[in-house]
Each structure stands twice: as structure tokens, then as C-alpha cells.
Amino acid sequence: MGKRSSRKGGTRGRRVESVEERLALIEKLMSRLERVYISDVNFIRSPETEMLDAYGVRDRWKRFLEGPGRTLPRTGHYFNLYLHVPFCPRKCTFCIYPSRKPSGRKAVRRFVESAIAEMEFFAEAFGSVAFLNFYAGGGTPSLLEPGELGEVIRGLRRLYRFETGGMRVIECLPHHVTPERALEFRQLGFTKVSFGVQSLDENVLRLGNRYYQPPSRIVETVARTSAMEGLSVNVDLMMGLAGDDGKSFLRSFDLVAGARPHYITISMFQPPRPYVRKHFGGRFETYGADLRERYRMARERMVEIGERHGYDIDSLADSTQGWQFIRRGLTMDHDYRRPYEVNALGEVPSSCFGVGEHARSHLQGAGVVEHGPHAADPFDPSRRTYTYASLDRRDEMIRHIFFHIYKSGSLSTRRFRRLFGRPIEKEFGHVLRELETLGMIERKGENLVFASSDVRTLFVASRLFLDRRTLLASLQGVDRALLRVSAGGEAFHFLVGHPHPGGLQAAERSGYALFAVDEEGREIDALARGPVMRVLAGLLAKLFAPLVDRHPAATAEELAGALCRLLGAAARRGGLPVSWRLSAEPYDAD
């Protein structure tokens, strides 16, 4: 890999690429993404991405903390710790986060043991660090039994230091939280419980595969937990779900506000492509138009309902993509991070250390670490795989821009200069001029305000801050093809694409790898999916090895033919059950 010096130091000395060229690449990127999500800085795709084992990741943390990280705490830099629990009782149809239903209590137990072993391995790198905030997210951390959760938290306290006064947050499903469970959270040091309710409309819950969430019980649990001393409560609701109209959403908001949680967080649903295909004919434009029609007056009505129940809207969380309501008399800690925000640069620089399957770590100004699926495996530092993407100062600027475009649809020029020591006009003057020419942005005092709140328009606007090289790397990151294998009355799915942790077989030369995925293209752990999946995964990994330099679409087609020939020969020799009627076919990832 070459050095990235051409990307540093503002616009001076860099070729300013045409807006038409970059717009064409952005449109191509948008057409290939499973979901269009403005703040997903994962799709920046640093060209300096590499696969590391746990020893390599620990070494990166040590170098970071012994170098610039040593002075950062004295200049306001702080550290967060994030635990990702990858399990849910069932997969919601609208979920965009990495999670799955555990195969049984043994699988959950293996995760707990693996997470503790991972914490023990990395602890030596953080001897000089005191973490400010701790967030347990997922997935559903409340799926851990009381003894398991206590074991993890005691391990954290034994191995790591925490500053006083920080946030200690756990995500829960309301029906998991009995009075005894809430007391346990408080005794373990948690200060905040976040309930992922999303909706209280029975039709929405049915379409979302959330049959386990009876509305009356949810309201009762939220009210009871909110009345406890020593715990604050947040409730998440989501706008834009299938089956929800403006009236049903406002009824959910009214019921939740009546339960008096301390905070209510409203998010706009960012749908994956299969969801749009199922409910909106595959057209994001149809979904966007439907969303605008359903929720035209939603904000104004929520403000009215909130005032009636004693809530104020938080002006700093009042954005194009969501809102935060705060019970009157309380204050909001605006530098508190939700799990999808831990890698963003907020008001104060911060870094985050992640633990667990699919967790993500952020070494501020140095890199991002992503974990792959491994909950079923005992922790082995030499076999555990992570992706490390290098970052520099300019990358952090772009990540900051993405985050604030998503959060508020605007950029504060004063905040940018305070964080980075340079005016945004010096770094991205040509992009700002392009956005103004395209009518996408206007200046209002110290703020640069985006003219449209449409998620796809904001996606285009944010990606214009990327250069051609980075956009091409982003395209490589989503360049993929899917393979469906029908065997023994079941369907199994595999993906050929850009490597990241968990690949069954990585290809060093082409940059592609093979993954086991579910029917919607989301990565899964092949070893945890039964003997048939394990056999198929092993065979495909071997067949994939000589195809490393092929394009994903060609590779998927070749794999389908090779697998059919191989298993067809085995069937003729009597090496497969008669019930197997095997077919394999490549199909479009879109």
C-alpha cells in the first residue's frame, strides 16, 4: 500500500476532481448498498485496511496509548468501553445491527466465557487508561442471565479502571426487566436502562416479528423502572416501520410519554434493501415519499403531546433524522454515546474500546477495529480475526462531517475549527462550493445547513466530501455476489465480497473473501448453523481458493457449478442422503 500523504494538508497540492465524476461514483455506490445510511462511516473504507489477529490489535492499542494517546487525556480526550452482546430472542425484520437468535443457553455461555477471555487478553494495554462511559448494547444484553451479566461486569471492574461520574448504560427488552432485574442493574453499577420499544402498535409489532412485546406490559415496565431511585430510563421509538402511519406512531409516543421515562428517543428508520423490496416494491423513492406523507405533522404533534406529559424537546438532538424528548427539569448529557455513535467525534475527542462479537473500536486519529462473528469459538488470540482500518486527521474530519450531517442536517463551522484547529473552508472549500452550486447547502450564520432532509440526498451530499480514490475503495467494499445452495430441503446462502472479519476464506491478492450469510445477505457464523452448513462452508472454502483473482459475480457462478459437480458425484456414489436435491445458483446482491 502506498502512503496517504496526498490526502493530508487541505486542498493545496491535491488534484481537485470533477463533481460529475464523483457524483457518478456515488450513484453507483448507492445502487449497490443494502441500505443507505448517512453516518455509516464504515463505507469510507480506508485504503489501508488490513486483517489482524488479537496480538496485532493489542499492539496497535499499545502504540496508540504510548504515543499521542498518552497526552490526549490532558487535553479533554476520554475513553469509552463498549460491550456488544450479539443475541436477540428473534430477528426483527427491520433490524440493521449484527445480531441473531442463540442456538441455546450453551451458546450464550460460550459468548460470556469468550468475552471475559478477550477482556483479560487486552487488559494489559489499558493499564494507564480510566474509561469514562460504559455501554452494553447489541443485540440484547438483557438476554444474559443475572449470573452471566454479573460475571461480565465483575470481570470489567477487575481488569479495567473507570472514572467516577460517567454513564453506565445497558440496552434491554422491557419484558426482561422485572423489579428484581432492575435492582440487579443498579447493584452492578448501571445508571441508565435503554428500552428498545420501537412501537406499541400491534400490527407494526406483528410485521416486525416482535410478537413477544405486549403493549400493556411494556408500558407497565417502563413506568415501574422509571420510578426507581438511581436509574434513569430511555425509550427508543422508530418512525417509518411497515404498518405504521402517523396516527399509530403518535399513539405509541403518547403511551410511552404517559409512562414517564426520563428520555424518549425518536429515530427515523433507515431501511435495508430487502425491507424496501418487500414492503415498497424495491424503490427507495417510494419509501421516502411514503415516509413524508405519513409523518408530515409528526414533530409538531409530538411537541404538543410531550408538553402535555411534561417533556421538552432537546434542541441539540432536534434533527432531520430523529428527536430526543427530555422530562422537564432534567438535563441531557450531550456527549453521551449510543453504540452506533461511539466512533464519531462529538463535542470532545474520544476513543472507544469494543469487546465481543461484531463490536467496533475507535482509536481517535489512528484507526478503527471491527470484530467478526466468533461467539461460538473459545477466545484464541492467534485465531481471532479483526479488520483494522487506518485513519488520519483528515479521515477524522470526514467522520465528524458524516456524523453531524446525519444527526442534524447541518455543520457548525465553529465546532469544526475548535476540534481541528483549521476552518472547514480551508480543508473542504471546493466541496462547499460544489454543494452551494448544486443547491444542497446554504449558510446560516456559523452553520452550514443542508437543504433537504431526504436520506438519499444527504447521502450524496456527505459522500461529495470523499475523493475519487476513497469512493472507489468504498465501491470495492460493497462489490459482491450471493450464492444460494438448496440441500436437504433447506436453503443456505454464501457471499463473495470484500474481506472483513469472519471470512471462511480470504483472498489476499484480489481483496475478496467468502462468507456464510442469512437469506438477506447478513453475515452469520457458519459453525453455529448445524452440520449441513458446516459441510457446505468447508467445501466452498476449498473450492474458493483457486478463484481468488476472479470478480465476485464470476466467482459465485463458478462456485455454483463446481459445488453441483462435486456433490453430484458424491450422490452418484451413494455418499449423500437420497433426500438431498442439491442446486446452487448465483444471484444478484441487490
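Above: the structure in question.
Residues numbered from 1 in each chain as written. Predicted model: local features only at pLDDT ≥ 70, side-chain atom pairs only at ≥ 80, totals over all residues. Heavy atoms only, no water.

Chemist: Just to check I follow, could you spell out the overall build of the chain for this structure?
Modeler: Within the chain, the regular secondary structure consists of 19 helices and 23 strands. A total of 590 residues make up the chain; the buried ones form 59% of that total. Put simply, 70% of the contacts in the chain that link residues at least 6 apart link residues at least 24 apart. (Helix = DSSP H or I, 4+ residues; strand = E, 2+ residues; numbered from the N terminus. Buried < 20%, exposed > 50% of the residue type's maximum accessible area, 1.4 Å probe, protein only. Contact = heavy atoms within 4.5 Å.)

Chemist: Help me understand the packing of helix α9 (residues 246-258) against helix α12 (residues 298-309), please; the structure alone is not making it clear to me.
Modeler: Helix packing for two helices is described by the angle between their axes and how far apart those axes are. Where α9 contacts α12, the two axes come as close as 10 Å, and the packing angle between them is 20 degrees. Overall, the two elements α9 and α12 adopt an arrangement that is roughly parallel. Where α9 crosses over α12, the two elements pack in a sense that is right-handed. For the pair α9 and α12, the contacting residues are Phe-249, Leu-250, Phe-253, Asp-254, Ala-257 and Gly-258 in the first and Ala-298, Arg-301, Met-302, Ile-305, Gly-306, Arg-308 and His-309 in the second. Residues belonging to the contact of α9 with α12 are distributed by class as follows: seven nonpolar, three polar and three charged. (Axes fitted to C-alpha atoms, helices over the stretch in contact; angles between N-to-C directions. Parallel < 35°, antiparallel > 145°, perpendicular 65-115°, else oblique. Left-handed = near helix turned anticlockwise from the far one by under 90°. Nonpolar A, V, L, I, M, F, W, Y, C, P; charged D, E, K, R; others polar.)

Chemist: Just checking my understanding: could you explain the packing of aromatic side chains for this structure?
Modeler: Two aromatic rings are characterised by how far apart their centres lie and by the angle between their planes. Inspection of the entire model under this criterion finds 26 aromatic pairs. Relative to Phe-190, the ring of Phe-185 has its centre 6.1 Å away and its plane inclined at 80 degrees; by these criteria the two rings are edge-to-face. When the ring of Phe-416 is compared with that of Phe-420, the centres are 4.8 Å apart and the planes differ by 50 degrees; the resulting orientation is tilted. Of this pair, Phe-416 and Phe-420 both sit in helix α14 (residues 413-420), four residues apart, roughly one helical turn. As far as burial versus exposure is concerned, Phe-416 and Phe-420 are alike and both buried. Cation over ring: Arg-58 sits above Phe-121, and NZ or CZ is 3.9 Å from the ring centre. Over the ring of Tyr-388 we find Arg-60, and its NZ or CZ is 4.6 Å from the ring centre. (Phe/Tyr/Trp six-rings, centres within 6.5 Å; stacked < 30°, edge-to-face > 60°. Lys NZ or Arg CZ within 6 Å of the ring centre and 35° of its normal.)

Chemist: Hey, could you run me through α12 in this one?
Modeler: Given 3.6 residues per turn, any residue in an α-helix points the same way as the ones three and four places further on. For α12, with twelve residues, the first-to-last C-alpha span of 16 Å sits near the 16 Å given by 1.5 Å per residue. The complete set of buried residues in α12 reads Ala-298, Met-302, Ile-305, Gly-306 and His-309. Buried residues of α12 fall within an arc of 100 degrees about the axis and therefore sit on the same side. Looking at the buried residues of α12, the elements they touch are β8 (232-239), α9, β9 (263-268), β10 (311-313) and β11 (322-327). Looking at the residues trailing α12, positive phi occurs at Gly-310, about 90 degrees. (Expected span 1.5 Å × (residues − 1). Arc of directions from axis to C-beta.)

Chemist: Hey, could you run me through unusual backbone geometry in this one?
Modeler: Residues Gly-138 and Gly-139 are joined by a peptide bond in cis, for which omega reads 20 degrees. Relative to the helices and strands, Gly-139 is located in the loop between β4 (133-138) and α5 (146-159). The backbone of Gln-198 shows a phi angle near 70 degrees, a positive value even though the residue is not glycine. In this fold, Gln-198 is placed in strand β7 (residues 192-198). Given a relative accessible area of 12%, Gln-198 falls into the buried group. With a phi angle near 65 degrees, Asn-209 is a residue other than glycine that sits in the positive phi range. Tracing the sequence through the fold places Asn-209 in the loop between α7 (202-207) and α8 (215-226).

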